[in-house]
Amino acid sequence: MFFDSDLLMSALRALTPILLAALGGALCERAGVFNIGLEGMMLMGCFTSVATSWFTGSAWLGVLAAALAAAAYSLILAVGAITLRGDAVVLGIAMNLLAVGLTSFLLRTVFGVQGTFDDPSLAGLPLVGGFTPLAYLAFVAVAVAAVMLSRHVWGLRLRGVGEAPDAAATLGVSPAKYKYAAVLISGGLCGLAGAQLALGNVTLYSENMTAGRGWIAVVAVMLGRAAPVGVLLAALLFGLAEAAGFRLQGVGLPQQATDAAPYVVTLVALFLSTARRRRRTANSPSGAAT
């Protein structure tokens, strides 16, 4: 059978990096910062986790270093978009391009190889019930984020900062502090996503190994409307698409076609979501009046 428990397990493993990064993007979106630099932050997490794990012999130190490195890398977006009031979209694209070039340079400098670094001594993350602890952490993070954003004062203030920063400021809430916090947490989650991808899904580092997953995470934020549960469902859709691509490759379809499966699903989902929103706008009283 095509749809079985193994396919679901594969989909859950595939969705973990996307889900972690998308949760970070959702927090930024709620704070009023459009973060499309998720790809670059994930890639920094991938390289840092592998490098730290290889030098120290500890995968968990690799995970910690990945989260810290990606959070530090996210300061480019925080300083540029919040303090200097630059264009967040331009900054995000620049961060993605910089991460590709920087990690490729570091791969040659640190390991003296090109393309892929794969060493038997590289420590990977342990599996518990077929999944790494980061996979379980991702689902816990969904529940925590949902509660925080809907009931906790920090989450409510974060939403207020994103929706009406001037009004939040009059109540004594610092929009800049909450925006900085959201971007830094987003960077940390992207670092964990990179560590999961490099030390959990595989145990190696390959140039540009995120392969567009950060962009898929951005789309997941849009489809899920920056709501944790909605983001989870969107990430599950893309995880199923990736798992189905691997399954189809196993029955003889070309690798190029199966590798494109999650990106085709992303484009179709984005198109349908955009068309649905336009239809709602056109049918609304304000849209009809316009």
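In the block above lies the structure referred to throughout.
An account of the accompanying structure is given in this report. Note that the structure is predicted; figures quoted are calculated from it, not measured.

Turning next to the overall build of the chain. On a plain count of helices and strands, the chain comes out with 14 helices and two strands. Here the C-alpha radius of gyration of the chain, 19 Å, is about what a compact globule of 290 residues would show, namely 19 Å. Expressed as lengths along the three principal axes of its C-alpha atoms, the size of the chain is roughly 60 × 45 × 35 Å. About 13,600 Å² of surface is accessible on the chain, with carbon and sulfur atoms providing 68% of the total. The centroid of the 17 positive side-chain charges in the chain is displaced by 14 Å from the centroid of its 12 negative side-chain charges.

On to the packing of helix 2 (residues 38–56) against helix 10 (residues 213–223). As a packed pair, helix 2 and helix 10 sit with axes 7 Å apart at the nearest point and diverge in direction by 135°. Relative to helix 10, the element helix 2 lies oblique. Two packed elements cross with a definite hand, and for helix 2 against helix 10 that hand is right-handed. Residue-level contacts link Leu38, Glu39 and Met42 of helix 2 to Arg213, Gly214, Trp215, Ala217 and Val218 of helix 10. Partitioned by chemical class, the residues of the contact of helix 2 with helix 10 number five nonpolar, one polar and two charged.

The rules behind these values
- Note that residues are indexed from 1 along each chain, following the sequence as it is written.
- Owing to the predicted nature of the model, reporting of local features is limited to residues with pLDDT of at least 70; listing and counting of side-chain atom pairs is limited to 80 or more, with chain, interface and lining totals taken over all residues.
- Side-chain calculation: all heavy atoms of the structure are included, whereas hydrogens and water are not.
- Helix and strand assignments follow DSSP, with helices taken as H or I runs no shorter than four residues and strands as E runs no shorter than two, numbered in order from the N terminus.
- All radius of gyration figures rest on C-alpha atoms, and the globule criterion is 2.2 Å times the number of residues raised to 0.38.
- Each accessible area is a Shrake-Rupley estimate made with a 1.4 Å probe; only the visible protein chains count as cover when residues are assessed.
- Under this rule, positive means Lys or Arg and negative means Asp or Glu; His and the chain ends count for nothing.
- Here the site of a charge means NZ on Lys, CZ on Arg, CG on Asp, or CD on Glu.
- Every axis corresponds to a line fitted to the C-alpha atoms, with the helix fit spanning only the stretch in contact, and the corresponding angles, defined between N-to-C directions, vary from 0 to 180 degrees.
- Angles below 35 degrees are treated as roughly parallel, those above 145 as roughly antiparallel, those between 65 and 115 as roughly perpendicular, and all remaining angles as oblique.
- By definition, turning the near helix anticlockwise from the far helix through less than a right angle yields a left-handed crossing, and turning it clockwise yields a right-handed one.
- Here, two residues are considered to be in contact whenever any of their heavy atoms come within 4.5 Å of each other.
- Under the scheme applied, nonpolar residues are Ala, Val, Leu, Ile, Met, Phe, Trp, Tyr, Cys and Pro; charged residues are Asp, Glu, Lys and Arg; polar residues are all the others, including Gly.

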